[in-house]
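Below are the chains, spelled out letter by letter.
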Amino acid sequence: MDYIDPHIHMVSRTTDDYATLARMGCVAMSEPAFWAGYDRGSVDGFRDYFRQLTETEPARAAQYGIQHFTWLCINAKEAENVSLSRDVIAMIPEFLDCPNVLGIGEIGLNKNTKNEATVFVEHVDLAVKYDQSILIHTPHLEDKYQGTRMILDMLCDDSRVDPDRVLVDHVEEHTIKEVLDRGFWAGMTLYPVTKCTPQRAVDMIEMTGGERLLANSAGDWGPSKPTAVPDLIFEMRQRGLSESLIKKVVYDNPLEFFAKSKRFEFSPRQ
Amino acid sequence: MSSSPSADEIVADKFLEVRAKLLEIAAVLDRVDRTAGENGLDDAARQKRAALQAGIDIVASEGSDRAARLQMLYSREYQADWRETFGMTSS
């Protein structure tokens, strides 16, 4: 089955991974900007990273018939440096007209601090001013519930934000309902230990029906599995769920959400 | 298309997998008890051990929302006044 991975960090993966993903049916992916494993020291470091996301990775993906899209931001882990964050936010518009840019992301919170919240609000303002969709990172483990609620508070505070153009990622059993109830899209990350397994993700699909719900691998440089979405497809089939529901979650929903980005163009496999 | 498995089939299918996970939990707790000194656990470890016990209690309870309740057990409580704490106002 053709599928789309809406959240995967291919700058951290080998070319062999592109080949494997293509063989597993991946036809498109989107790559949010994230933490490199170290704090970058200057706005030029981010400018180089954004060139990698808008030039290098699309070319690498295309070699395997995969369409690569991206989201730009300074991530929450580096948002403690508010001055650098503001410089990066001011530079982002240089890249917003690149053909594979879908919007601003993955913005969010990490430890739910004041500086993170300040930089989050300024990213949202940038997205609204430039008519961009938003992809959101929610914190891990014991910080997730508070951080998700804070993020939803900030988004709902801003009447200019259209929830239908916002994907809140890394939802789990205790956060998914509020995200969907408030009209946002929700993403489930299939990740060893800290997020959710394919089995628990399918439980959530069964309980919510799959409307406005996406699933991703968030494959990166840490313990993660870039082929996690095919694992989800396999689990859904094992449970006898319909092919139409599987396709909705792993293909139709990502396309519907991505299509809200003004630059999005997709060529389905013939 | 195959039909969704029944509750009976899920129990049968998942029995060995869940049994293995329960054994793993039991073995870890045994290891803790076996290696704890005469003074037992320090405060931080005792709190974590108690949190594990509270989680086990949720797993053993009735209901169809055990996973969500476990998640809440291991979450910080929501502070509704976070804006005031940060000196931020809603627009």
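Computed from a predicted model, the values in this text were never measured in an experiment.

Engineer: It is not clear to me how the overall build of chain A should be interpreted in this structure. Could you clarify?
Structural biologist: For chain A, the count of helices and strands is nine helices and eight strands. By the compact-globule yardstick of 18 Å for 270 residues, chain A fits well, its C-alpha radius of gyration being 17 Å. Its C-alpha atoms give chain A principal-axis dimensions of roughly 50 × 40 × 35 Å. A total of 270 residues make up chain A; the buried ones form 61% of that total. Nonlocal contacts in chain A, meaning residues at least 24 apart in sequence, comprise 73% of its contacts between residues at least 6 apart. Accessible surface computed for chain A: about 10,100 Å², of which carbon and sulfur atoms make up 50%.

Engineer: Help me out: how do you make sense of the packing of aromatic side chains in this one?
Structural biologist: The geometry of two aromatic rings is summed up by the distance between their centres and the angle between their planes. Counted according to the given criterion, the structure contains 15 aromatic pairs over all chains. Both rings, one in A:Phe257 and one in A:Phe258, keep their centres 6.5 Å apart while their planes meet at 55°; by these two values the pair is tilted. A:Phe257 gets classed as buried once you look at its relative accessible area, which sits at 0%. Just above the ring of A:Trp35 sits the side chain of A:Lys77; from NZ or CZ to the centre is 4.5 Å. Positioned over the ring face of B:Tyr78 is A:Arg149, at 3.8 Å from the centre of the ring.

Engineer: Please explain the pattern of salt bridges as it appears in this structure.
Structural biologist: In a structure, side chains of opposite charge can pair up when their charged atoms sit close to one another. Residue and element names in this part refer to chain A. Counted under the stated rule, the structure contains 36 salt bridges over all chains. Among the salt bridges present, the one from Asp153 reaches Arg182, with a minimum N-O distance of 3.6 Å. Note that Asp153 is positioned in helix α5 (residues 144-157) and Arg182 in the loop between α6 (176-181) and β7 (185-189), a separation of 29 residues in sequence.

Engineer: I tried to follow the layout of surface pockets on my own but got confused; where do I start?
Structural biologist: It is a probe the size of a water molecule, rolled over the atoms, that shows where empty space is left. All names here are of chain A. The space that makes up the second largest pocket amounts to roughly 490 Å³. In terms of lining residues, the second largest pocket is bounded by 23 residues, among which Lys77, His137, His140, Lys195 and Asp220 are the most central. The residue inventory of the lining of the second largest pocket, partitioned by class, reads eight nonpolar, eight polar and seven charged.

Engineer: Which parts of the structure should I look at to understand helix α9 (residues 243-258) of chain A?
Structural biologist: Spacing of three or four residues puts side chains on the same side of an α-helix, whose turn is 3.6 residues. Residues and elements named next belong to chain A. A rise of 1.5 Å per residue sets the reference length of α9, with its 16 residues, at 22 Å; its end C-alpha atoms lie 21 Å apart and thus fit the reference within 8%. By the largest-angle criterion, Val249 marks the main kink of α9, which is about 45°. Of the residues making up α9, those classed as buried are Leu245, Ile246, Lys248, Val249, Val250, Tyr251, Asn253, Pro254, Leu255, Phe257 and Phe258.

Engineer: Which parts of the structure should I look at to understand the interface of chain B and chain A?
Structural biologist: When the parts come together, some accessible area is lost, and that loss is often what is quoted as the size of the interface. On the chain A side, the residues contacting the 22 residues of chain B number 27 residues. Interface area for chain B against chain A, summed over the two sides, is near 2,100 Å², with a carbon-plus-sulfur share of 54%. Looking only at chain B, the three residues that lose the most surface to chain A are B:Arg76, B:Tyr78 and B:Phe86, adding up to 30% of its buried area. For the pair chain B and chain A, the interface holds three salt bridges. Ionic pairing is found between B:Arg76 and A:Glu142, a salt bridge with its closest N-O pair at 3.4 Å. At the boundary of chain B with chain A, the tally comes to 10 residue pairs in polar contact (both at pLDDT 80 or more). At the level of secondary structure, the elements contributing two or more residues to the side of chain B that touches chain A comprise α3 (66-73) and α4 (82-86) of chain B. Ranked by residue count, the leading element in the side of chain B that touches chain A is α3(B), at four residues. For the side of chain B that touches chain A, the per-class residue count stands at 10 nonpolar, eight polar and four charged.

Engineer: Honestly, a nonpolar patch on the surface in this entry has me stumped. Any pointers?
Structural biologist: Residues and elements named next belong to chain B. On the surface, a nonpolar cluster with roughly 320 Å² of combined accessible area is contributed by Val18, Leu22, Ile25 and Ile56. Tallying contributions element by element places helix α1 (residues 7-35) first for the nonpolar patch, with three residues. Relative to the assigned elements, Val18 resides in helix α1. The partly exposed category is assigned to Val18, whose relative accessible area is 41%.

Engineer: I tried to follow the sheet that holds strand β8 (residues 213-216) of chain A on my own but got confused; where do I start?
Structural biologist: Adjacent strands of a sheet form backbone hydrogen bonds with each other and so pair up, either parallel or antiparallel. Residues and elements named next belong to chain A. Reading across the sheet, the eight strands line up as β1-β2-β3-β4-β5-β6-β7-β8 and stay open at both edges, with parallel pairing between neighbours. The strands lining the two open edges of the sheet, one partner per strand, are β1 (3-5) and β8. Strand-to-strand twist in this sheet, taken as the mean axis angle between neighbours without regard to direction, amounts to 25°. Here strand β4 (residues 101-108) runs beside strand β5 (residues 133-137); their pairing, made up of five bridges, is parallel. Paired with Gly103 across the strands is Ser133, a residue of β5. Strand contacts of α5: β4, β5 and β6 (166-168), with the helix running at about 160° to β5, the strand carrying the most contacts.

Engineer: Sorry, what's going on with the nonpolar core here?
Structural biologist: Soluble globular proteins tend to bury their nonpolar side chains together. All names here are of chain A. The biggest cluster of nonpolar side chains holds 94 residues, and the ones touching the most others in it are Phe50, Ile136, Leu155, Met188, Leu232, Met236 and Val250. In terms of residues, this core owes the most to one element, α9, which gives eight residues. If we skip the residues at most four places from it in the chain, Ile136 touches Ile107, Phe120, Ile151, Leu155, Val166, Leu167, Val168 and Asp169.

The rules behind the values
Residues numbered from 1 in each chain as written. Chains lettered and ligands numbered in written order. Predicted model: local features only at pLDDT ≥ 70, side-chain atom pairs only at ≥ 80, totals over all residues. Heavy atoms only, no water. Helix = DSSP H or I, 4+ residues; strand = E, 2+ residues; numbered from the N terminus. Rg over C-alpha atoms; globule rule 2.2 N^0.38 Å. Buried < 20%, exposed > 50% of the residue type's maximum accessible area, 1.4 Å probe, protein only. Contact = heavy atoms within 4.5 Å. Areas by Shrake-Rupley, 256 points an atom, 1.4 Å probe, with all protein chains shown as cover. Phe/Tyr/Trp six-rings, centres within 6.5 Å; stacked < 30°, edge-to-face > 60°. Lys NZ or Arg CZ within 6 Å of the ring centre and 35° of its normal. Salt bridge = Lys/Arg side-chain N within 4 Å of Asp/Glu carboxyl O. 1 Å grid on protein atoms, 1.4 Å probe; cavity = no way out; pocket = protein on both sides within 12 Å on 5 of 7 lines; lining within 4 Å. Points joined across faces, edges and corners; volume = space filled by probe spheres on them. Nonpolar A, V, L, I, M, F, W, Y, C, P; charged D, E, K, R; others polar. Expected span 1.5 Å × (residues − 1). Bend = angle between axes of the 7 residues up to and from the residue. Buried area = accessible area lost by both parts, 1.4 Å probe. Polar contact = N/O pair within 3.5 Å; in protein donor to acceptor, adjacent residues only side chain to side chain. Patch = residues over 30% accessible without salt bridge, like charges linked within 9 Å, V, L, I, M, F, W, Y side chains within 5 Å. Pairing = 2+ DSSP bridges. Axes fitted to C-alpha atoms, helices over the stretch in contact; angles between N-to-C directions. Core = buried A, V, L, I, M, F, W, Y, C linked by side-chain atoms within 4.5 Å.

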